[in-house]
There are 2 protein chains.
Amino acid sequence: MPKTTDIVGAKKKTAKIQTHQRPTTMKYIYAFSEGRADMKPILGGKGAVLADMTRLGLPVPQGFTITTEACHYYHENSAYPKGLADELELQLKALERKTGKVFGSAENPLLVSVRSGAAISMPGMMDTILNLGLNDKTLAGLIKKTNNERFCYDAYRRFVNMFGDVVLGIEHAKFEEILDEMKNELSVKLDTGIGAKDLARLVKLYKAKVKEETGKDFPEDPREQLRLAIEAVFYSWNNDRAKAYRRINKITGLLGTAVNVQSMVFGNMGDTSGTGVAFTRNPSDGTKEFYGEFLINAQGEDVVAGIRTPQKISELKKVMPKVYSQLLAIQNKLEKHYKNMQDIEFTIEDEKLFMLQSRNGKRTIQAALKIATDMVKEKLITQAEAILQVDPNQINHLLHPTIPSSFKGKALCKGLPASPGASVGKAVFTPEDACEWNEKDEKVILVRKETSPEDIQGMYAAQGILTSMGGMTSHAAVVCRGMGKPCVAGCAAIHIDAKRKVCVCGETVIREWDTITINGSTGELFVGGVELQEPTMSNDFKLFMSWVDKFRKLKVRANADTPNDANVGRGFGAEGIGLCRTEHMFFEEDRIMKVREMIVAKNTEGRKTALNKLLPLQKGDFVGIFKEMNGYPVTIRLLDPPLHEFLPNTPAQIEELSKTMGIGVDELRSIVDSLHEINPMLGHRGCRLAVTYPEIYEMQARAIVEAAIEVHKKGIKVIPEIEIPIVGLATELKAMRNIVESVIKEYKGKINFEIKIGTMIELPRACVTADEIAEFADFFSFGTNDLTQMTYGFSRDDAGKFLSHYMDQGLFERDPTDTIDRKGVGGLMKLCIKLGRGVKPDLEVGICGEHGGEPKSVEFCHEIGLNYVSCSPYRVPIAKLAAAQAAIKEKLNQ
Amino acid sequence: MPKTTDIVGAKKKTAKIQTHQRPTTMKYIYAFSEGRADMKPILGGKGAVLADMTRLGLPVPQGFTITTEACHYYHENSAYPKGLADELELQLKALERKTGKVFGSAENPLLVSVRSGAAISMPGMMDTILNLGLNDKTLAGLIKKTNNERFCYDAYRRFVNMFGDVVLGIEHAKFEEILDEMKNELSVKLDTGIGAKDLARLVKLYKAKVKEETGKDFPEDPREQLRLAIEAVFYSWNNDRAKAYRRINKITGLLGTAVNVQSMVFGNMGDTSGTGVAFTRNPSDGTKEFYGEFLINAQGEDVVAGIRTPQKISELKKVMPKVYSQLLAIQNKLEKHYKNMQDIEFTIEDEKLFMLQSRNGKRTIQAALKIATDMVKEKLITQAEAILQVDPNQINHLLHPTIPSSFKGKALCKGLPASPGASVGKAVFTPEDACEWNEKDEKVILVRKETSPEDIQGMYAAQGILTSMGGMTSHAAVVCRGMGKPCVAGCAAIHIDAKRKVCVCGETVIREWDTITINGSTGELFVGGVELQEPTMSNDFKLFMSWVDKFRKLKVRANADTPNDANVGRGFGAEGIGLCRTEHMFFEEDRIMKVREMIVAKNTEGRKTALNKLLPLQKGDFVGIFKEMNGYPVTIRLLDPPLHEFLPNTPAQIEELSKTMGIGVDELRSIVDSLHEINPMLGHRGCRLAVTYPEIYEMQARAIVEAAIEVHKKGIKVIPEIEIPIVGLATELKAMRNIVESVIKEYKGKINFEIKIGTMIELPRACVTADEIAEFADFFSFGTNDLTQMTYGFSRDDAGKFLSHYMDQGLFERDPTDTIDRKGVGGLMKLCIKLGRGVKPDLEVGICGEHGGEPKSVEFCHEIGLNYVSCSPYRVPIAKLAAAQAAIKEKLNQ
């Protein structure tokens, strides 16, 4: 268990954020010296940081922030809020006092930058306007003050360009054209080759362009410039680009953007000025070192533009030792203050340092783990804080082979990143070929239009899967994620001809046995083999995961259908198997014919004969799995899919099967027809099969019991949990329980261990009647794949056609097949738990399926009191981290 | 509103039943004089009536009842409850005192009957044992007392036979054999031809048979006989026949059967004895008259056996005037006591009258209405009590043409009674033929394997539908019930050859134009025409319905897709249209091509062009409906089914359509293929269509608005309610609302009436998130057809295969597609209403679809506070009665 101090340490800051209350008299503008870090929702990220750094006593160019609430008001009422103009005037006056400059003054002009800044970072969403306040009059003042005519005209022409583009809506290219013409005329290549006079001429040409495009003169009044700029920032919040960005990045719940008005500082005023960006630690590997770059005589944009090569930050020590040591102290202070690796921006104006930005720095997962563990060792943060620092989704990169970042090859085309990791192999076009070549120890990539359950053997045999159709939840995608195997799905640019065993992408033809590389983390396809980087579990990772295990309350199990899956799951620290799908065993080559024999049997006797042939095979599977999972529970789900999934359906396949089975084609076809369902998802499946054919579940129960007895005899601890799918009625579960229990009774005296019998919860009715169902259940396990589809009344197979429109129109906050829909599906889950535990307070409740390994869903599972989540073996560490974070967040919010 | 006295009058009795408490010391046997009417749950129906008649001072052969709790104990513990034997002995002693006879006495023997009797009548479930207590010793006593040797031996041989059969499990046929042999030997035809000596010999032969079959002597000890008989009754409660009966009749929640032990009286002791059955009013037409039959010198079974023709009850006045007047007084008293028409049984032993049974008599709906209204006029019952007396399901018989009860023709075969009423017509085998002949004023019956939405015109044109496939919820069944048209579905005995236009049933061939009759109330098919009885709305019915209208709180609307449906609905008193399915209009011949044009359009413009052609047609439909529904709300559901339902899918049909539309076959096939869905029920339908193609709903909204404006101008009151189907997200409804509202805005100034916009509730998620959805809804309407299927996760199309197993195994209490599943689907409905009205307290909530006309579901809708139910026009009176009964029951339970 975590120490109390750990929690309290982390709690302090967050708790303050949570309890912040807005003042009752509406204030729409805060000077940086008035704001606080916890006012981020109304000041935006940038505004809050500038205020916070000001409070810390750091040198920040002063200014003020117009709140997101003003933006919200503007959009709701198509007008500025009342009193905003007066507040603005007061803040300007205060800023003039602080800077000793005057806005619009011809002698000592105050220039400002105007930037947008929402509470969540939306990079590049709204362009910055620099040097606002310049006009012909203030320019003169600036020249007089700086004694640098060229610099001033350069600033002026940049301002007219930016203002024209961002505020007045004149395409940037139109200004570029004029600039290019002038450079041609002057025969210079770089902007820096243009002198002050020509820059002055450029300003005139720009202004003429503005007049031509807008029919109005360029606004000379600085106050009008400011008013227009603020309005442009507000307006930009709801332009198409911004809305698209928020939709794509699933950003919701924001009021609007704040507007930061900040006095200008210049890094381009000569060799005693400069600008730079730096990280408090190395963002690639996490080393504790001051890491970054700077440019002398440059503005921020020049560092990004890459025209000049920046110098390493350590060089600054030589150039401006005082500034460097000040910066070093500041970065140290900032990291300690924010208790996280910082990404900082600064500008030096005439040897005077100004801090412009500080935020948590992006980092690789390797760096993230090193930083988190180092900071704990340095006693900078608690273990709990370290856990909260790492993004669970990033863990994924640790667990699969990857294309090294040094690789610069160009992808042939791009599909969907359907299952992470990269793999290299020879292209094959049929599952049979995949199996055949795999047996000869050749590494292959299976290339298919789409996959189906019949391809499962070939999918196992392949290193990875590439499909031209299907989405993130297609069969290939789901199965590969389960297997931890890379998959690029829905790669529409390739055309597959499985008969000719080729696939074509534009001019490129990939033939059978051509080596290809797929990157399931990005969706990229490469021709040829790429040398991959193998995943390594660093000591940092192991230490970090040991903390994770201490904090989390949710158990994490793996979904595993084979002894091999089970072994991988244990390797990743799975605490049991939460879902073992027995039907996957039915598709294997040595069984499918016996399964088909069972299906075409004319009566119970015939079915029993076929089932008896399957019994030893199923038993063998379970023996292997029980051995792997010594001491851990194994939840085995009895047969779930409708029987027609095991039969072929094309005329050719039917004819072939007819020969193999010695059954007339017509008879076989009529069996296939009779099993056809209009809505197979809502059809004869799960326990409904066993209501009709109890002998199927009876055989499966027998296989489990016999396997468990056999393994138990060897001194291995078996914990079998038999799970009934598609239960909607208590009476169904009661009947199924009777079938299983009567098998168990036959082995009375031989069973010295507990066998639990429980149910999947995947129908809305099971949730609503969970009190009745709990009477017959030793455990519940949510199957939120199906539950989501039933609750919404759509099938994933068909929804591809219309769900994209839902995402485009913003009708979904998040795709409910990606992450649990908390309100709808989650509401039913909560009801289910309440009713079930109302009857059996200690009822074990888990979840299996894709949501069980998705961090936001795991968090929800923790919140509603589940006992465990179960996911693909490869996502076990991700689920564990998400579970630990959820537990820590809960404590903080208590 | 009902007067308070009405309610209180009815309340008294029921309230007592509700509050009855069992004594804490367990008592397992009650003498008739100890029991009470309200102890029916433990005394069974028969035991409670015998006790009640005893309390009323009526001449009842005394006895006692062993409770259902004893039976329950017996089954739970496989043993008699402790103390039962002692109680039995005490009761026997008491009975001996009352009758002055002694059980087992050779001088004055007490004989008893032993009968089962559960709280709900289960006729023929357990055979009666008469004359128990007879053995060679007591027989002698009986002979001495009755001085009628033949009678006594006859009683004896009957007893041995019954006991052997019912208690010892020896087939009745084995005794019959011996009897037949003797009759042959004696050359007599009737039992009555056998004399006392031979009967005595028969007893011996019977006993020998018993010994032969069981290996034991026939039990001579009367106490052993009684013990064995009681156990046999207990045992019979859980035999297969009893379990099947309860399952078929949906009887649940009973403890077991009670056992009635009653002293014997004999109606066959000569001409001063007799037996009879009678009704207190005429059960056919309801006339207030003492109505029944009797037989002199006979036991009860003789009346039923029909060997002798009974006399009319009025004849008894001549034969035994004193007994008759006593009986007349008693029947009067019983009717007053039970406040309902009684069906009574009596026996006269030597001019002494004994009452054996009194229960509410079965009656026709015509009689039920007359009796109910008469009894109110007689001030015997209140209006509320009258309403509770009539079975809503019986109303159905009033509203359709029927085959008169006098018709004695034999049915050719039998299918499912899928839609009530009978109809006569010429057999046709295609919808086109149905339309063609209908236009020529020929009455036709459409005979199809199964029907599909494309057949709708033909179905309208036909008098009734006969199908060889499909169940009670098949397309034909559902549509016919909606149209109020008779339907016999799933008539598996007939083989239809639509090409040759014949259907064959065994030897019989029905050709096109052969006249046939179908009885949708029974499922029967007759060759030739039967003269039907037209439905009449009697004055009794009108009066009765006026009371119903006073008491009910639920409004009742009709589902209607055409002006004609609307007119029928109004005729039956519908208070609006609760569901107008616009897609039904799309299937009509003049529209389907335009719909298809819309579907195959390549872009929005093409779709809009096609939709513009549909607009005036849709508008015309709504004009007609609004006119019919002057002053009543009309809920119009926008397009619901997936688009592929409007396209053909066989190659031949596609080819034909390709020609008509001038589109290549391949192109058309690829469109059909692209619209194919794996689970169409969970596919692209309802408002999902309009998320993708908003122009569809826009056109429909326009048609509604324009129609409403046009009709409103004519001084007709229009109340349009626009309904959005398949809503699962508040954002969906918001988007749909925007589409409709923007159309409404276009007609600003022209609309002087309210247009509501609301939603169907047919997805579990809509229920769970009803608070969010309610924000955008003016009303909710439950679509429990779909809601049931989504909640259970089965589709009615596919569930036929497995739901029969569910019914057979008793996994369903009731088929949830017949009546609302209160716990599951109903639980979601309650949650939905709570959440929705939590946001909008006055939110109008209704239900449409089949459940809206099913009495138990209507009752539930009343209980959970719905505003209205909507059902087939032909079920409006049924729903109204069910609603009134629900309101009355609620008051009684308050």
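Here's a quick rundown of the structure. Just so we're clear, the structure is a prediction, and the values are computed from it rather than from any experiment.

## Section: the environment of A574(B)
Residues and elements named next belong to chain B. Mapped onto the secondary structure, A574 falls in the loop between helix 21 (563–571) and strand 23 (577–581). Taking relative accessible area as the criterion, A574 reaches 0% and is therefore assigned buried. With 299 residues separating them along the chain, A574 and P873 place their C-alpha atoms 7.1 Å apart. Look past the residues within four positions of A574 in its chain and what remains in contact with it is V556, R557, A558, G569, Y632 and V876.

## Side note on the packing of aromatic side chains
Per the stated rule, a full pass over the model turns up 38 aromatic pairs over all chains. For the ring pair F290(A) and Y324(A), a centre distance of 6.4 Å and an interplane angle of 50 degrees mean the geometry is tilted. Of this pair, F290(A) sits in the loop between strand 6 (274–279) and strand 7 (291–296) while Y324(A) is found in helix 13 (residues 321–338), placing the two residues 34 residues apart along the sequence. In this structure an aromatic cluster arises from ring pairing among Y792(A), F794(A), F802(A), Y806(A) and F812(A). We note R557(A) situated over the ring of Y868(A); from NZ or CZ to the ring centre the distance is 3.8 Å. Over the face of the ring belonging to W437(B) we find K440(B), whose NZ or CZ atom lies 4.9 Å from the ring centre.

## A closer look at the side chain of N396(B)
Structurally, the position occupied by N396(B) is in the loop between helix 16 (392–395) and strand 11 (413–414). Contact partners of N396(B), with chain neighbours within four places excluded, come to P420(B), R875(B) and I878(B).

## So, the pattern of salt bridges
Residue and element names in this part refer to chain A. Summed over all chains, the structure comprises 110 salt bridges over all chains. In this structure, D154 and R158 form a salt bridge, with 3.0 Å as the shortest nitrogen-oxygen distance. Taken together, the positions of D154 and R158, both in helix 6 (residues 149–167) and 4 residues apart, correspond to about one turn of that helix. The buried category is assigned to D154, whose relative accessible area is 7%. A salt bridge links K440 to E436, with the nearest nitrogen and oxygen atoms 3.3 Å apart. Beyond isolated ion pairs, a larger network of salt bridges with shared partners links D549, R552, K555, E575 and K880.

## Structural notes on the sheet that holds strand 3 (residues 112–117) of chain B
Within a sheet, adjacent strands bond to each other through the backbone by hydrogen bonds, running parallel or antiparallel. All names here are of chain B. In spatial order, the strands read 1-2-5-3-4; together these 5 strands make up an open sheet with antiparallel pairing. Looking at the sheet topology across the chains shown, the edges are occupied by strand 1 (29–31) and strand 4 (129–132). Between one strand axis and the next, the sheet turns by 20 degrees as a mean value, whatever way the strands run. Note: strand 1 against strand 2 (residues 63–66), 3 bridges, orientation antiparallel. Paired with A31 across the strands is F64, a residue of strand 2.

## Considerations on helix 5 (residues 136–146) of chain B
Residue and element names in this part refer to chain B. Taken as a whole, helix 5 has its buried residues at T138, L139, G141, L142 and T146. The buried residues of helix 5 all sit within an arc of 160 degrees when viewed along its axis, so they share a single face. Exposed residues pointing more than 90 degrees away from the buried face of helix 5 are listed as K137 and K144. On its buried face, helix 5 is in contact with helix 6 (149–167). N-capping of helix 5 is provided by N135, with a side-chain oxygen placed 3.0 Å from the backbone N of K137.

## Let's talk about the nonpolar core
F782(A) and F782(B) are the most contacted members of the largest nonpolar core, which totals 340 residues. With near-sequence residues (within four places) excluded, F782(A) lies in contact with I761(A), C767(A), L787(A), M829(A), C832(A), I833(A), V845(A), G846(A), I847(A), C848(A) and L866(A). If you look at the next biggest cluster of nonpolar residues, it comprises 61 residues, including L111(B), M162(B), F163(B) and A229(B).

## A word on the environment of M53(B)
All names here are of chain B. Note that M53 resides in helix 2 (residues 40–55). Judged by its relative accessible area of 0%, M53 falls in the buried class. Spatially, the C-alpha atoms of M53 and Q357 are 8.6 Å apart, while their sequence positions differ by 304 residues. When near neighbours in sequence (up to four residues on either side) are disregarded, M53 contacts L58, V60, L334, Y338, M355, L356, Q357 and S358.

## A closer look at the interface of chain B and chain A
Residue-level contacts link 46 residues of chain B with 46 residues of chain A. When the buried area of chain B at its contact with chain A is split by residue, L682(B), R765(B) and K823(B) rank highest and sum to 15% of it. The interface formed by chain B and chain A includes 4 salt bridges. The salt bridge involving D771(B) is made with K823(A); its shortest N-O contact spans 2.7 Å.

## Regarding the relation of the copies chain B and chain A
Superposing chain B onto chain A takes a rotation of 180 degrees combined with a translation of 0.1 Å along the rotation axis, leaving an RMSD of 0.2 Å. Expressed as an axis order, the relation between the two copies is that of a two-fold axis. By C-alpha distance to the rotation axis, the residue of chain B lying nearest is N679(B), at 2.2 Å. Most of the interface of chain B is mirrored in chain A: 100% of its interface residues are interface residues there too.

## Observations regarding the sheet that holds strand 9 (residues 342–349) of chain A
All names here are of chain A. On the basis of which strands lie adjacent, the open sheet formed by 5 strands has the order 8-7-6-9-10 and antiparallel pairing. What marks the edges here is a single partner per strand, and that holds for strand 8 (311–312) and strand 10 (352–360). Examined bridge by bridge, strand 6 and strand 7 share 6 bridges and lie antiparallel to one another. What sits directly across from V277, in strand 7, is E293. Contacting strand 9 and strand 10, helix 13 runs over the sheet at an angle of about 25 degrees to strand 10.

Conventions and cut-offs
- Residues numbered from 1 in each chain as written.
- Chains lettered and ligands numbered in written order.
- Predicted model: local features only at pLDDT ≥ 70, side-chain atom pairs only at ≥ 80, totals over all residues.
- Heavy atoms only, no water.
- Helix = DSSP H or I, 4+ residues; strand = E, 2+ residues; numbered from the N terminus.
- Buried < 20%, exposed > 50% of the residue type's maximum accessible area, 1.4 Å probe, protein only.
- Contact = heavy atoms within 4.5 Å.
- Phe/Tyr/Trp six-rings, centres within 6.5 Å; stacked < 30°, edge-to-face > 60°.
- Lys NZ or Arg CZ within 6 Å of the ring centre and 35° of its normal.
- Salt bridge = Lys/Arg side-chain N within 4 Å of Asp/Glu carboxyl O.
- Pairing = 2+ DSSP bridges.
- Axes fitted to C-alpha atoms, helices over the stretch in contact; angles between N-to-C directions.
- Arc of directions from axis to C-beta.
- Polar contact = N/O pair within 3.5 Å; in protein donor to acceptor, adjacent residues only side chain to side chain.
- Core = buried A, V, L, I, M, F, W, Y, C linked by side-chain atoms within 4.5 Å.
- Buried area = accessible area lost by both parts, 1.4 Å probe.
- Least-squares fit on C-alpha atoms with pLDDT ≥ 70 in both.

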